[in-house]
Amino acid sequence: MIPAALAATLVAALVLAPLGAVILRAGGVSALTPSDLDALIFTLWQAALSAGLSCALAIPLARALHRRRFPGRGAFIALLGAPFLLPTIVAVMGLLAILGRRGVVNGLLAGLGLPEFSLYGAQGVVVAHIFLNLPLAARMLLQGWQAIPAERLRLALALGLPPAAQARHLERPMLRAVLPGAFLAIFLVCVSSFAVALTLGGGPRASTIEVAIYQAFRFDADLGRAATLSLVQIALALAALGAAARLTLPSSFGAGLDRAAPAALAPDRWHRIKDGATLTLAAAFLLAPLLAIALRGITEIPALPASVWRAAANSLMLALGATVLTLTLALPLSLAAPRARWAEPVAMLPMTASALVLGTGLFLIVRPWLAPTSLALPVTLLVNATLTLPFALRLLLPEVRSLQADYDRLAASLGLSGLARLRLLTLPRLARPLGFSAGIAAAFSMGDLGAITLFSDGRSQTLPLALYSLMGSYRMEAAAGAACLLMALTFGLYALFDRIGAHADPR
Amino acid sequence: MLTLDRLRITQDDFALEADFSIAPGARVAVLGPSGAGKSTLLTTIAGFLAPSAGRVLWAGTDITGTAPGMRPLSILFQDQNLFPHLTVSQNIGLGISPRPRLSTGDSRRIEAALERVGLAGLGARKPVALSGGEQGRVALARCLLRAKPLLLLDEPFAALGPALKAEMLALVAEIAREQGTTVLMVSHDPTDATALCPETVLVAEGTAYPPRPTAALLANPPPALAAYLGP
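Scoring rules and cut-offs
- Residues numbered from 1 in each chain as written.
- Chains lettered and ligands numbered in written order.
- Predicted model: local features only at pLDDT ≥ 70, side-chain atom pairs only at ≥ 80, totals over all residues.
- Heavy atoms only, no water.
- UniProt positions renumbered as here; feature names shortened; annotations may be inferred.
- Axes fitted to C-alpha atoms, helices over the stretch in contact; angles between N-to-C directions.
- Helix = DSSP H or I, 4+ residues; strand = E, 2+ residues; numbered from the N terminus.
- Parallel < 35°, antiparallel > 145°, perpendicular 65-115°, else oblique.
- Left-handed = near helix turned anticlockwise from the far one by under 90°.
- Contact = heavy atoms within 4.5 Å.
- Nonpolar A, V, L, I, M, F, W, Y, C, P; charged D, E, K, R; others polar.
- Phe/Tyr/Trp six-rings, centres within 6.5 Å; stacked < 30°, edge-to-face > 60°.
- Buried < 20%, exposed > 50% of the residue type's maximum accessible area, 1.4 Å probe, protein only.
- Lys NZ or Arg CZ within 6 Å of the ring centre and 35° of its normal.
- Pairing = 2+ DSSP bridges.
- Expected span 1.5 Å × (residues − 1).
- Bend = angle between axes of the 7 residues up to and from the residue.

Looking up chain B in an unreviewed UniProt entry gives the name Thiamine transport system ATP-binding protein, with the organism given as Rhodobacter maris.

In the annotation of an unreviewed UniProt entry, chain A is listed under the name Thiamine transport system permease protein and assigned to Rhodobacter maris. Quoted verbatim from the Subcellular location (unreviewed entry) heading of the UniProt record, the comment on chain A is "Cell inner membrane".

Structure follows, in structure tokens:
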């Protein structure tokens, strides 16, 4: 294990050096174009709308999940974790299969003589963002429900409160506490949306700042404008983070999803029908795209061209490397965080940057010395590991705190320190969150379509990038196969690391 | 000999002073109302709290700045005395060394210690599979192997029933007598003190008083102790 100070220095360098390069380069080089301003406006309103709709739709879903018991409920809650890990480009492919021009929904609409729904443009971006973030919001609200003390529910039951009174005394205070954090977390994700806006958006009126950076970079070769846009992106992230810091952000995911609520709290009659309809619709909305990818793609996998397999091998190496780097940075920082004030802020520093901003900065740094295209994969690895670090820290920190609260004195009284402490105490007690963090790091890196788009010359490809170019050349069979492979590898890596962690947990 | 040399412990508006010595091999109860600072005193002797003034000495050597694990003492807390993810043997083995593989000689010593506390053959279990009394015995077995000359007990048996607690205290007394261990034991209960400890340190009103014979102290309690004991 490397010392926390070294880890902190590395993280600070990985974030601040690219930001510094961007700032130096942006020094009044090129002004923004009117279309950049359009992109800024679109970024803000689509993020607000996506976050608002995700939260609003999550309320009935979380309520239904909380008060109903049915076979497969556990699987449903697990399914809510899937879009969080799913590569965005695969999510887009799945949504196109259902809501696209030749999808099931448009078939139905045509049969009813209704106008066609287009997934391309602003509405498509928002729908994709809801698909990716509604489950996150629902899980946060479900945790809010479960955090209501059982005594409170028992009291409501004992008093025979009708649904309206339950809502007033139980649900509304919980929503007031949880919703602002959920909204801001999703807003932050959507503000730095790249892959969704790149594939479904288009034109200045449906482009995010991240896409504008990419276009300034790739098509206009205007590094100055890319740098200026990066500054705008940083300002947006800082503003959203500043707002979030005023609230205590609830952790966006986590274990512990099954404390039985008193069953009689669930109201009957039409409430039951409403809950059933909500759950069915949500399951269909979340499952259909995943199933479409799996069914359409699985038969195409054997016929995938060799270049896709090479890209898959690259992606696997990249994911493993990024996982190792993430944990190497996250473990010492989280162990230091309860005592050293600087450790947590440093580990959260990557939240201020986005994939394209870091990519632009690193491009500016390496360009005078090396051909950036030769560094496509290493740079992607660094960016992925850096951007995953805050998630890993959030997962590890609560466990580290309870580890230290429970066993620090005992370990000290036995003189347990250094490697022996790491091996006998730290690693066994942290096995679960370490495995979970590793799974998330691997899945994020596997599915990432961000910095690589700036650096790749088409030769050193990752699987998401290969999938994107297959979609761009309308080779939809091969794209479905690649999407299915990517989904399988992403979920497989996540499940593997999560299982290793659970298996290594001696409890 | 344990010497508290003009020791002063302060935490916010709480302060405790102690200035006395405890003879080698003595068994001393630390008695007093809750909140008086009994645990604080033991925690300071064990090295988890730094005193604001004064020194802690063992056999004439200043150990005030020594790390907890390097002090010539073992301490048992109210809870969390065992690592729940390690087996009983591994937990006891930490009393010998934190090496990954213990030698056959070590394993034999662990087995002997388990036998001594009446838990022969339970080495492969996890603490969660043991009762509260058995967990206390495992912690005692580890103290046996650490073989430190001073044993601090911060009410490790408080959660046990009266009969079980008396049994554990008797085991402590037996082991302490065999090994010549000095014992300092926090207690709420004057009967525990009478049973195990010939001497008692009274902690009340910001002072830990020098040890006095337990029987005499309880027979003729000073006002602070009388108020605590009740009529």
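A. Molecular detail of the packing of helix α14 (residues 306–336) of chain A against helix α18 (residues 418–447) of chain A. All names here are of chain A. Where α14 meets α18, the axes come as close as 8 Å, and the angle between the chain directions of the two elements is 140°. The angle between the axes of α14 and α18 places the two elements in the oblique class. Pair α14 / α18 crosses with right-handed handedness. In this structure, α14 contributes Ala312, Ser315, Leu316, Leu318, Ala319, Ala322, Thr323, Thr326, Leu327, Leu331 and Leu335 to the contact, and α18 contributes Leu422, Thr426, Leu427, Leu430, Leu434, Ser437, Ala438, Ala441, Ala442, Ser445 and Met446. Along the lines of polarity and charge, the residues of the contact of α14 with α18 split into 16 nonpolar, six polar and no charged.

B. Spatial organisation of the packing of aromatic side chains. All chains considered together, the criterion is met by 14 aromatic pairs over all chains. Each ring, one from Phe42 of chain A and one from Trp45 of chain A, has its centre 5.4 Å from the other, and the planes form 85°; the classification is edge-to-face. One end of the pair, Phe42 of chain A, and the other, Trp45 of chain A, are both in helix α2 (residues 34–67), three residues apart, so they sit about a helical turn from each other. According to the relative accessible area criterion, Trp45 of chain A is partly exposed, its value standing at 39%. With a centroid separation of 5.9 Å and 75° between ring planes, the pair formed by Tyr214 of chain A and Phe219 of chain A is classed as edge-to-face. Ring pairs connect the aromatic residues Phe84, Phe391 and Phe444 of chain A, which therefore count as one cluster. Lying across the ring of Phe48 of chain B, Arg409 of chain A places its NZ or CZ 5.9 Å from the centre.

C. Broad picture of the pairing of strand β1 (residues 2–11) of chain B. All names here are of chain B. Summarising the sheet, β1 and strand β2 (residues 14–22) pair through eight bridges and their orientation is antiparallel. Paired with Gln11 across the two strands is Phe14, which belongs to β2. The hairpin formed by β1 and β2 contains two residues between the paired strands, and Asp12 there has a positive phi angle of roughly 50°. Examined bridge by bridge, β1 and strand β4 (residues 53–58) share five bridges and lie antiparallel to one another. From the neighbouring strand, Arg8 faces β4, where its bridge partner is Ala53.

D. Focus on helix α13 (residues 270–298) of chain A. Residue and element names in this part refer to chain A. Look at α13: 41 Å from first C-alpha to last across 29 residues, which is about the 42 Å you get at 1.5 Å a residue. Leu287 marks where α13 bends most, by close to 35°; the proline Pro289 follows one to four residues later. Every buried residue of α13 is listed here: His271, Asp275, Thr278, Leu279, Ala282, Ala283, Leu286, Pro289, Leu290, Ala292, Ile293 and Gly297.

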